[in-house]
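# Residue-level structural notes
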Amino acid sequence: MATSSGVATWVKVCDAGELVVGIGVSALVRGKQVALFKTGERELHAVGNRDPYSGTQTMARGLVVQRDGQTLLATPTGRELFDFATGQCVDDPMTRIATYPVRVVNGFVEVRITVRG
Amino acid sequence: MNQDPKHPLPNVSDMDTETARKRLVVIGAGMVAHRLVEALVERGATDEWTIDVFGEESRPPYDRVALTSFFSDRDPDDLVLGDGSLWTVDGVRLHRGVQATGIDREARTVSARGRTYPYDALVLATGSYAMVPPIDGKDTPGCFVYRTVDDVAELRAYVNELAARLDRPVRGAVVGGGLLGLEAAGALQALGAESTVIEFAPWLMPMQVDEAGGRTLRRIIEQLGVQVRTATATAKVRPNRRGTVGSMEFADGGGSIDVDVVVFATGVRPRDELAREIGLSIGERGGVACDDACITDDPSIYAIGEVAHIAGRTWGLVGPGYTMAEVVADRLLGGDATFTSGDLSTKLKLLGVDVASFGDAFAGTEGSLEVVYADPVGGVYKKLVMSDDAKTLLGGILVGDAEAYASLRPMVGSELGSDPTAWLVPDGVTPIGGVSLPDEASVCSCNNVTAGAIRCAVRGEGTAEPCHDLGSVKGCTKAGTSCGSCLPLVKKLLDEELTAAGIETSNALCEHFATSRAQLFDIVRVTGIRTFSELVATHGTGRGCDICRPVVASILASLETGHVLDGEAAALQDTNDHVMANMQKDGTYSVVPRIPGGEVTPEGLIAIGQVAADFGLYTKITGGQRIDLFGARIDQLPAIWKQLIDAGFESGHAYGKSLRTVKSCVGSTWCRYGVQDSVGLAIALELRYRGLRSPHKIKLGVSGCARECAEARGKDVGVIATDKGWNVYVGGNGGFTPRHAQLFAEDLTTEELVAVIDRFLLYYVRTADRLQRTAAWLETIEGGIDHVRSVVIDDSLGIVADLDAAMAVHVDKYEDEWAATLADPDKLKKFTSFVNSPDTPDPDLVYVDERGQRRPATPQERATLIAGTTLEVRS
């Protein structure tokens, strides 16, 4: 039972100017692969880069879509949709992707990552 | 949340000062407890109540249903429910790693870690524990249960450590072939271990599926490499010389097998010990007895989730648990909600296999009839349980293909209205003739919305105005707003009701555009709009989706409006167009240089071979007479293309909805039978139409004589040489539904032929639906092939001059997308592995050698290869 839950820290990732609305980028944040998306002028999202259906690190290459007023992320195959906010797969309650808090500080994108203690 | 772990307890006197508020204590911090607190906070209960939650696990509540994903996601913190802000709300406290050890009903206190916490209301949400059968050796190191994140973490560490030590795959066994057992087997597989599932019952998942369904399931998962033994009881686990698990023995002469790891997944028991201690009534097979308000014998004590015995049983699914949490939240705020029965229908994906079970799945109703469809080869088993007159649906089981689940589950208790077998055949989600769901049938079980409520909303009864699209139906009725599995059915009801009301159901592209693709094409062409944002602002709504964005990108590209990655267009492309390569199963890409007509020089072959050798790419000859190079990382694409372009190659558009190849036979140049120069024509056609963006891929073929060695009649446009010139055939394809192309025009000169193909292709590009090949287009377009012939050859619509001019623009403006990309530093930016570490390649890619080339490692190979270098160190 010797599992500690670690400490969450904000990690600087990249210049906010590198993000383009609708196009994801991958980032390596403290060993974790994270997909960053800008979905609007002031909307940023950070999710796990791993596509749980294919097992590949490709969510950053997925497509940002809007459906019923919700902004969703489609896997690169386009077959599955995930809610940016919760990471929940829209059609499959058993599957989620990780989501991370993200913010912009002094023009830099920062992601909050839990570092194993 | 940043409590010192050594002093996690709140000061008791702090709680006493909060006399103005009533005190709620929740014992247990699982998913159902989380939902309870969430529901209370959402409804503002913290004005009246303080909430103290005690959880013995060190983590905040997490998603136990997704436990298996922890094997792949690797980080348990990713499973945590919510963003943690719930536990910082004023008046809410989560005591992590603190076990409540006693309850004093007289004093109304809970004791934990030697302190007492007073309560006005107490909720027991202690869940279940994993039950281990009392067999010899069950505590041998290497035996595990499968219940918590820590269980899973320990199992993973153990297997990884073994994998690193042994020079053979780790052998795992799972005792229990139910839902959890199959999940555990999947987890072992994901870790690269061999797994054997041992089930006592005669078939797998005996609680959810019948024998035939279990057999089908077995066949599918055996094909996935999992061994299965049914009707087998485990007698003992034997240690090896190191004292860890070495083998297991079966009862009744069932023999034994060598194993390294045993996972027990033989069921759960409610954790009702606290309730027993204080004398609360307990259900027959465990669980704290409650009434329909989730209240136990003691009116100030509630029980929810798996520990509650309610409506005659305990409920082992999260759905009913959530309902109980909502009931108690309502009661604590003075409401009168009740829990009457939970829906035990389930639809799951186990090891990638769909399994669904609903209603009276085992045909327990007297006189019930079973309608079965089984395809053992395809791995599909479906059964509907019908009433004795074969009219009313009572329940069902779906294995291997559960697509009909969303439509069928709400029909339970209703007349199916058509031949039930129509629901079972492949693609049988919508039976011929249609069905009418009775008004009282529940369509959305999450939010309890009936078919009648949806119909009323569409008709505008009781709503501000009639709901004529899916969005407003969802908004008005809340149907489909939780899990969303019923949305296909909601859409169907909406369409039926609109048709009945005489309102035309549209051929709208998607919710953002009310027009069809063909209409949209005309709008773009006529208005001169050249950006998606302008188009959606003037002729659509919202910001677009995965349907309309690539369609508009394709339309814009067909109209020769510039590079596919220019400005805004880049965000419209789907992933393959986006990086101009084809994504493969491991997330890397394949690269296909164009080889027009399949003709290539020795120097060209050597250059391609050199690229493959330099970048370690797997090479294969394609069906389209060119060479596919596999395994290119996204960050390698520009360098690969630099080398290819320097050698005279250009993009083959293998990724695009556009011309792929023009296949040819060697023709009159070499062949003794050839009557025309098929290679020369194929090259000319391929160079003419390369890069033409279209509703779907386009393939052409040219044969030099009637022997048809180029298989031209299997192409969208096929050309076959005659003594007098060329015959042209259209509308052929291979693939899922093969079609032979039909004769379109005969004995054309080369010049006439090119004009016919020009116009045919452009008319198709302008009028077809999205993802419609030429064959399907010819079938759906009014007048069929004769109409198209009259447009193309007789100019019946007077658009030939326009089509010819458009093709001239295409030919004139063509430029190689890859050469243009390499010349533009802005476009090259996206070809990096990581935005913050561009020199680090994706560390997750693993390859093995096979027949002299490399290929992606299988999951088993991965586990061994990765575990060898990055063994987890346990603290």
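Residues numbered from 1 in each chain as written. Chains lettered and ligands numbered in written order. Predicted model: local features only at pLDDT ≥ 70, side-chain atom pairs only at ≥ 80, totals over all residues. Heavy atoms only, no water.

The name an unreviewed UniProt entry assigns to chain A is Nitrite reductase small subunit NirD, from the organism Mumia zhuanghuii.

### A closer look at the overall build of chain B
Applied cut-off: Strands here mean DSSP runs of E at least two residues long; helices mean DSSP runs of H or I at least four residues long; both are numbered from the N terminus. Exposure categories follow from relative accessible area, calculated using a 1.4 Å probe and restricted to protein chains: below 20% of the type maximum is buried, above 50% is exposed, and the middle band is partly exposed. Whether two residues touch is decided by their heavy atoms; if any such pair falls within 4.5 Å, the residues are in contact. Here the open area of atoms and residues is found with the Shrake-Rupley method and a 1.4 Å probe, where only the protein chains shown may cover a residue.
Each helix and strand counted, chain B has 26 helices and 39 strands in total. When burial is assessed residue by residue, chain B has 53% of its 875 residues classed as buried. Partitioning the intrachain contacts of chain B with sequence separation of at least 6 by distance along the chain shows that 61% fall at a separation of at least 24. Split by element, the accessible area of chain B, about 37600 Å² in all, is 50% carbon and sulfur.

### Considerations on the pattern of salt bridges
Should the charged atoms of two oppositely charged side chains come close, the side chains can pair. All names here are of chain B. Condition: Note on definitions: salt bridges are taken to be side-chain nitrogens of Lys or Arg within 4 Å of carboxyl oxygens of Asp or Glu.
Enumeration according to the criterion identifies 45 salt bridges over all chains in this entry. Note that R459 is salt-bridged to E461, the shortest N-O span being 2.7 Å. Residue R459 is classed as partly exposed on the basis of its relative accessible area of 40%. Residue E461 is classed as partly exposed on the basis of its relative accessible area, which comes to 43%. E779 is paired through a salt bridge with R739; the nearest N and O atoms lie 3.1 Å apart.

### Description of the interface of chain B and chain A
A common way to express how large an interface is: the accessible area buried when the components associate. For the record, the criterion: Computed with a 1.4 Å rolling probe, the buried area is the accessible surface lost when two parts are put together, summed over both parts. Whenever two N or O atoms come within 3.5 Å, that pair is a polar contact, provided that in protein one can donate a hydrogen and the other can accept it, and provided that, for residues adjacent in sequence, both atoms are side-chain atoms. Gly is put with the polar residues, along with every residue not named as nonpolar or charged; the nonpolar set is Ala, Val, Leu, Ile, Met, Phe, Trp, Tyr, Cys and Pro, and the charged set is Asp, Glu, Lys and Arg.
Counting from both sides, the interface comprises 52 residues of chain B and, opposite them, 45 residues of chain A. It is R543(B), D546(B) and V835(B) that lose the most area in chain B upon contact with chain A, and together they represent 15% of the buried surface on that side. Joining chain B to chain A, the criterion identifies 0 salt bridges. At the surface where chain B touches chain A, the tally comes to 7 residue pairs in polar contact (both at pLDDT 80 or more). Looking at side-chain class alone, the side of chain B that touches chain A contains 18 nonpolar, 14 polar and 20 charged residues.

### Regarding the packing of aromatic side chains
For any pair of aromatic rings, the description consists of the separation of the ring centres together with the inter-plane angle of the planes. Residue and element names in this part refer to chain B. Our working rule: Aromatic pairs are defined between Phe, Tyr and Trp rings, using the six-membered ring for Trp, whenever the two ring centres lie within 6.5 Å; interplanar angles under 30 degrees are classed as stacked, those over 60 as edge-to-face, and all others as tilted. Comment: the charge-over-ring label is applied if NZ (Lys) or CZ (Arg) is within 6 Å of the ring centre and within 35 degrees of the ring normal.
If you walk through the whole model with that rule in mind, you get 14 aromatic pairs over all chains. Geometrically, the ring pair formed by Y764 and W777 is edge-to-face, given 5.4 Å between the ring centres and 65° between the ring planes. Of this pair, Y764 sits in helix 20 (residues 750-767) while W777 sits in helix 21 (residues 774-780), and the two are 13 residues apart along the sequence. You can call Y764 buried: its relative accessible area is 0%. The ring of Y673 is capped by R707, whose NZ or CZ atom sits 3.8 Å from the centre of that ring.

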